[in-house]
Amino acid sequence: MRPETEAELAHMIADATGPLRIVGGGTRSFGAGAGEALSTAGLSGVTLYEPGALTLVVRAGTPLAEVEDVLAAEGQRLAFEPMDHRSLLGTSGAPTIGGMVAANVSGPRRIAVGACRDFLLGVRFVDGMGRVLKNGGRVMKNVTGYDLTRLMAGSYGTLGVISEVSLKVLPIPRACLTLALDGLDDARAVAALSRALGSPYEVSGAAHLAAGHKHTMIRLEGFDASVAYRAEQMRALLAEFGDWQLEEDCTVWQEIRDVTALQGGGDVWRVSARPTDGPMLAARATGADVVYDWGGGLIWLRVPVGTDVRAALGDFAGHATLVRAAPEVKARLGMFHPATPPVAAIEAGLRARFDPRGILNPGLMTPREGAA
Amino acid sequence: MEMPVPDAAIISGKDRIVARLVAALPPGTVISDPAETLAYECDGLAAYSCAPLAVILPRTTAEVSAALKICHEMSVPVVPRGAGTSLAGGATPTADCVILGIARMTEVLEVDLDSRIIRVETGRTNLAVTGAVEEHGFFYAPDPSSQLACAIAGNIAMNSGGAHCLKYGVTTNNLLGVTMVMMDGTVTEIGGAYLDAGGLDLLALICGSEGQLGVVTEATLRILPKPEGARPVLIGYDSNEVAGACVSDIIKAGVLPVAIEFMDRPCIRATEAFANAGYPDCEALLIVEVEGSPAEIDEQFAIILEIARRHDPVELRQSASPEESARIWLGRKSAFGAMGQMGDYMCLDGTIPVSQLPFVLRRIGELSDEFGLKVGNVFHAGDGNMHPLILYDANAPGQLELCEAMGAEILKLCVEVGGCLTGEHGVGIEKRDLMTYQYAPEDLEIQMAVKDVFDPGWLLNPAKVFPLGASAARRVAAE
């Protein structure tokens, strides 16, 4: 199924008699199972762009690359730096806006500016009964009614099929510098990143590649003189950790964003935790290849196929998502972290309201019941 | 403003309800003497008041849970209350409700500077959250103008903003986790000291749900390192159009000011008469504040001033010292007080696309003439969050109704140009019946279905947010 309009999308869902598998560009196929494919590719195009108001309204099937080109022509961008999953998951195709929002995909700059959901101003979607619904709008501040807009971000198509979104965009800074240092162990690296993020110098990236050279990186962005000033201040602030090198090439952050260090074989887990817990948690996943982002609060782990990382991590504040694994491993371990009974009950209740027939990406986010 | 007819059975059962609450809670937790419950008869929307049946002031999450469980069993509506500063009537009681006030829960539970989080009980005031970390060079970013008094619980309920949210975002962007008590007494944790809570984004639903989904007793909040410094520049223009264009150009240029404030002529004149801040007598005045080291501020000022000059300002004044900064901010910070000197006022907070600023200001001027009520505009221009202050005389018969009618017209105008009814104050009872201008029946239906999930009996703050007509069936069914 490939609707060309929102109205067609609504009819198709209303008339559906079985499960539907929602597909954007197909680059983030996290393992949605059975069901007829419903592609949003026909719902494409920028419907409104006001650079002076930093707002963009775009249909869900629009390729991300197209949007980035439109924004770049005005010196703007999606500041939350959405990850491109293709290298990590070994997928092909073109990522779409709808897929990005549905999975709430953000990148290293999330620590400074917020996640995809924080830039989402409004959303139009079709729920599991074929009802066309809207929430939010296209203004920066909006507390009119419940925030279903952010609820849709990260709902992986299980509450509705997004047809159009409004996003806040930001100007591309004129300058970027990366401070880099090799050789820190995980705990020292995260300590350095914490110090950097606790400084007034506005860090927009804080990552550590634990494998190989043990490469720690801090990104600064803004106006030229300001970035140069902050880089010098930062080098002084972090001098006890080593002699940080200044790199003008910031393309390395694309590799952090896309976690290219972990492409290839093995299962990949994404752990969200308290930043200072990062090294301790990574150590529990014995032998894993580790990439830290978000100052230590986002931990990417590559482990041997079939490893139950949640069991290895034990009880901790945060959650672990199985991002890359064979279908049978995902079926056994579950992609998403189990929820507490009250939260699982709320989530099940929401699904029952938004998709009473349970036909939208069934099973993708569930079951989450069971654990504490 | 219409309120539902109170449930006579609940009112007549007051003694029984109070007795059960008193038996379950520590001494001094339940207030039922009418002389004392009167103190809770209204919030910041003081035009509407009604003493509640009783007031509960718990000290722990367990007490909140016990209280809610009893109210749930006895089908008593509960209106949660933070500090009672809502401008929208979010904490306005009904005669058959129990007020659940969180004001006694003010402890800091944890500060983790390395992970940049603080966990607090939600009765703590907004400013006291910053107060707990500022000696270490950190602050909590959302800064509603009531921040000295308002509680984090209310900030979460209303998803509060503030003058600096252009750069730092509003409450939802800074809230990482909550401990929430559901209406049936269930205590649940959502999110925590990490940047993305797992599963569906329930934090987003809870933040801004106006106390209708649960009572948040503890919150994990992001704290940020304080900038090295901040200084404003003041820019005056002879037309709102030009000022609006200047705002747009500044934003486009890549400068990210922490605040862009806008005052129109009626507001400037009122402020000058009141605070004598030395503002020029012009049509539109902008205050743009940027942050950083002295050199970084100068670098941003250079860009802003170049843009400002292109638009031919009548006044251009950049601050070079804390004294000059204070003087530039003096008028802005006195604006509400200055307007208050001129009479009673109603403060709206509709938000519009920045590109519509000149048109909307012109229309508000026309409406002011039509209704015969004076309006001053002072607002957050960077994000289009308007604050028209409509002056009226509360003692003159019919004036409040006239003022509300004019306010409704302004809010409809905000929606018509692509904006919304409320940017940071919330719907409460004030904008409840205007929701149909922004949302179609099915859009409201799905929101009410969300409440069904959290609070099937519609006992939590039931008469708020949704038009009474739209929520009637659910509220009646719950009785």
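Residues numbered from 1 in each chain as written. Chains lettered and ligands numbered in written order. Predicted model: local features only at pLDDT ≥ 70, side-chain atom pairs only at ≥ 80, totals over all residues. Heavy atoms only, no water.

Caption draft 1: Focus on the domain arrangement of chain B. Residues and elements named next belong to chain B. As assigned here, chain B comprises domain 1 (8–103), domain 2 (108–225) and domain 3 (230–416). Computed from C-alpha atoms alone, the centre-to-centre distance between domain 2 and domain 3 is 28 Å. Taken together, the contact between domain 2 and domain 3 spans 7 residues of the former and 11 residues of the latter. Both sides together, the interface formed by domain 2 and domain 3 hides about 770 Å², and carbon and sulfur atoms give 60% of it. Where domain 2 touches domain 3, the interface holds 1 salt bridge. Here Glu291 ties to Lys167 by a salt bridge, and the two come within 3.0 Å at their closest N and O atoms. Taken together, the residues that form the side of domain 2 that touches domain 3 break down as 4 nonpolar, 2 polar and 1 charged. (Domains from an automatic or database assignment. Contact = heavy atoms within 4.5 Å. Buried area = accessible area lost by both parts, 1.4 Å probe. Salt bridge = Lys/Arg side-chain N within 4 Å of Asp/Glu carboxyl O. Nonpolar A, V, L, I, M, F, W, Y, C, P; charged D, E, K, R; others polar.)

Caption draft 2: Here's a closer look at the interface of chain A and chain B. Across the boundary between the two partners, chain A contributes 73 residues, which contact 92 residues of chain B. Taking both sides of the interface into account, the surface hidden between chain A and chain B amounts to around 6400 Å²; carbon and sulfur atoms contribute 58%. A per-residue breakdown of the area chain A buries against chain B is headed by Lys141, Val143 and Tyr146 of chain A, which together make up 15% of the total. Applying the counting rule to chain A against chain B returns 8 salt bridges. Arg230 of chain A serves as the salt-bridge partner of Glu296 of chain B, at 3.2 Å between the closest nitrogen and oxygen. Applying the counting rule to chain A against chain B returns 31 residue pairs in polar contact (both at pLDDT 80 or more). (Polar contact = N/O pair within 3.5 Å; in protein donor to acceptor, adjacent residues only side chain to side chain.)

Caption draft 3: Seen up close, the packing of helix H10 (residues 265–275) of chain B against helix H12 (residues 322–341) of chain B. Residue and element names in this part refer to chain B. Where H10 contacts H12, the axes come no closer than 8 Å and their chain directions differ by 90°. As summarised for this structure, H10 and H12 are arranged roughly perpendicular, according to the angle between their axes. The segment H10 lies against H12, with Cys267, Ala270, Thr271, Phe274 and Ala275 engaging Leu330, Gly331, Ser334, Ala335, Gly337, Ala338, Met339 and Gln341. Here the residues of the contact of H10 with H12 sort into 8 nonpolar, 5 polar and no charged. (Axes fitted to C-alpha atoms, helices over the stretch in contact; angles between N-to-C directions. Helix = DSSP H or I, 4+ residues; strand = E, 2+ residues; numbered from the N terminus. Parallel < 35°, antiparallel > 145°, perpendicular 65-115°, else oblique.)

Caption draft 4: Quick peek at empty space enclosed by the protein. Tallied over the full model, the rule gives 5 cavities of 30 Å³ or more. Each pocket or cavity is described by its volume, and for the largest cavity that value is around 640 Å³. Ala103, Asn104, Tyr156 and Arg270 of chain A together with Asp196 of chain B are the residues nearest the centre of the largest cavity, which is lined by 44 residues in total. When residues in the lining of the largest cavity are grouped by element, the largest group, 3 residues, is from strand E17 (residues 318–324) of chain A. Among the residues forming the lining of the largest cavity, the class breakdown is 23 nonpolar, 12 polar and 9 charged. (1 Å grid on protein atoms, 1.4 Å probe; cavity = no way out; pocket = protein on both sides within 12 Å on 5 of 7 lines; lining within 4 Å. Points joined across faces, edges and corners; volume = space filled by probe spheres on them.)

Caption draft 5: A look at helix H14 (residues 399–416) of chain B. All names here are of chain B. End to end, H14 covers 26 Å across 18 residues, agreeing with the expected 26 Å (1.5 Å per residue, within 8%). By the criterion of burial, H14 is predominantly enclosed, with 13 of the 18 residues buried. At the C-terminal side of H14, Gly418 shows a positive phi close to 100°. (Expected span 1.5 Å × (residues − 1). Buried < 20%, exposed > 50% of the residue type's maximum accessible area, 1.4 Å probe, protein only.)

Caption draft 6: Main features of the packing of helix H9 (residues 240–252) of chain B against helix H11 (residues 294–310) of chain B. Residue and element names in this part refer to chain B. Where H9 contacts H11, the axes come no closer than 10 Å and their chain directions differ by 145°. Along this stretch, H9 crosses H11, giving a crossing that reads as right-handed. Contacts from Cys246, Asp249 and Ile250 in H9 reach Ile304, Ile307, Ala308 and Arg310 in H11. Its residues assigned to classes, the contact of H9 with H11 comprises 5 nonpolar, no polar and 2 charged. (Left-handed = near helix turned anticlockwise from the far one by under 90°.)

Caption draft 7: Just the state of the cysteines, in detail. All names here are of chain A. Counted according to the given criterion, the structure contains 1 disulfide over all chains. Each sulfur in the disulfide pair Cys176 and Cys250 lies 2.0 Å from the other. Disulfide Cys176-Cys250: torsion about the S-S bond near -90°, hence left-handed. Note that Cys176 is positioned in strand E10 (residues 175–182) and Cys250 in the loop between strand E13 (245–247) and helix H10 (252–258), a separation of 74 residues in sequence. Each of the two residues, Cys176 as well as Cys250, counts as buried. (Disulfide = S-S within 2.5 Å.)

Caption draft 8: The sheet that holds strand E2 (residues 54–56) of chain B, seen in detail. Residue and element names in this part refer to chain B. With mixed pairing, 4 strands are arranged side by side in an open sheet as E1-E2-E4-E3. Looking at the sheet topology across the chains shown, the edges are occupied by strand E1 (30–31) and strand E3 (78–81). Examined bridge by bridge, E2 and strand E4 (residues 98–101) share 3 bridges and lie parallel to one another. The residue bridging Ala54 from the neighbouring strand is Val98, located in E4. (Pairing = 2+ DSSP bridges.)

Caption draft 9: Structural detail: the nonpolar core. Membership of the largest hydrophobic core comes to 176 residues, with the highest contact counts inside it found for Ile97, Met100, Leu167, Trp300 and Leu350 of chain A together with Phe454 of chain B. Per-element accounting of this core gives the leading share, 9 residues, to H14 of chain B. Look past the residues within four positions of Leu350 of chain A in its chain and what remains in contact with it is Leu151 and Leu159 of chain A together with Leu200, Leu202, Leu205, Val450 and Val453 of chain B. (Core = buried A, V, L, I, M, F, W, Y, C linked by side-chain atoms within 4.5 Å.)

Caption draft 10: Unusual backbone geometry, seen in detail. Residues other than glycine seldom take positive phi values, yet Glu202 of chain A does so here, at roughly 50°. If you trace the backbone, Glu202 of chain A turns up in the loop between helix H8 (186–197) and strand E11 (203–209). What makes Glu202 of chain A partly exposed here is its relative accessible area of 42%. Positive phi outside glycine occurs at Glu210 of chain B, with the angle close to 55°. Under the relative-accessibility criterion, Glu210 of chain B is labelled buried at 3%.

Caption draft 11: Layout of the sheet that holds strand E15 (residues 315–318) of chain B. Residues and elements named next belong to chain B. The strand order across the open sheet built from 7 strands is E15-E12-E14-E13-E17-E18-E16, with neighbouring strands paired in antiparallel fashion. Of all strands in the sheet, those bounded by a partner on one side alone are E15 and strand E16 (344–347). Each strand axis lies, on average, 15° off the axis of its neighbour in the sheet, ignoring direction. The sheet contact formed by strand E12 (residues 230–237) and strand E14 (residues 284–291) spans 8 bridges and is antiparallel. Within the sheet, the bridge partner assigned to Val233 lies in E14 and is Val288.

Caption draft 12: The arrangement of the pattern of salt bridges in detail. Under the definition given, this model contains 48 salt bridges over all chains. Close ionic contact of Glu73 of chain B with Arg20 of chain B constitutes a salt bridge, the shortest N to O distance being 2.8 Å. On the criterion of sequence distance, the pair formed by Glu73 of chain B in helix H4 (residues 61–73) and Arg20 of chain B in helix H2 (residues 14–24) is long-range, its members being 53 residues apart. In the salt-bridge network here, residues are joined through shared partners; they are Arg77, Glu81, Arg109, Arg219 and Glu221 of chain A.

Caption draft 13: Focus on the pairing of strand E3 (residues 46–50) of chain A. All names here are of chain A. As judged from the 4 bridges shared by E3 and strand E4 (residues 55–59), these two strands associate in the antiparallel manner. By the bridge assignment, Tyr49 is partnered in E4 with Leu56. Connecting the antiparallel pair E3 and E4 is a turn made up of 4 residues, with Leu54 showing a positive phi of about 60°.

Caption draft 14: How the structure looks around the environment of Val76 of chain B. Residues and elements named next belong to chain B. Tracing the chain through its elements places Val76 in the loop between H4 and E3. Measuring from C-alpha to C-alpha, the distance between Val76 and Ser209 comes to 20 Å, with 133 residues separating the pair along the chain. Sequence-distant contacts of Val76, that is, excluding residues within four places in its chain, are made with Ile10, Ile17, Cys71, Asp96, Val98, Met183 and Leu459.

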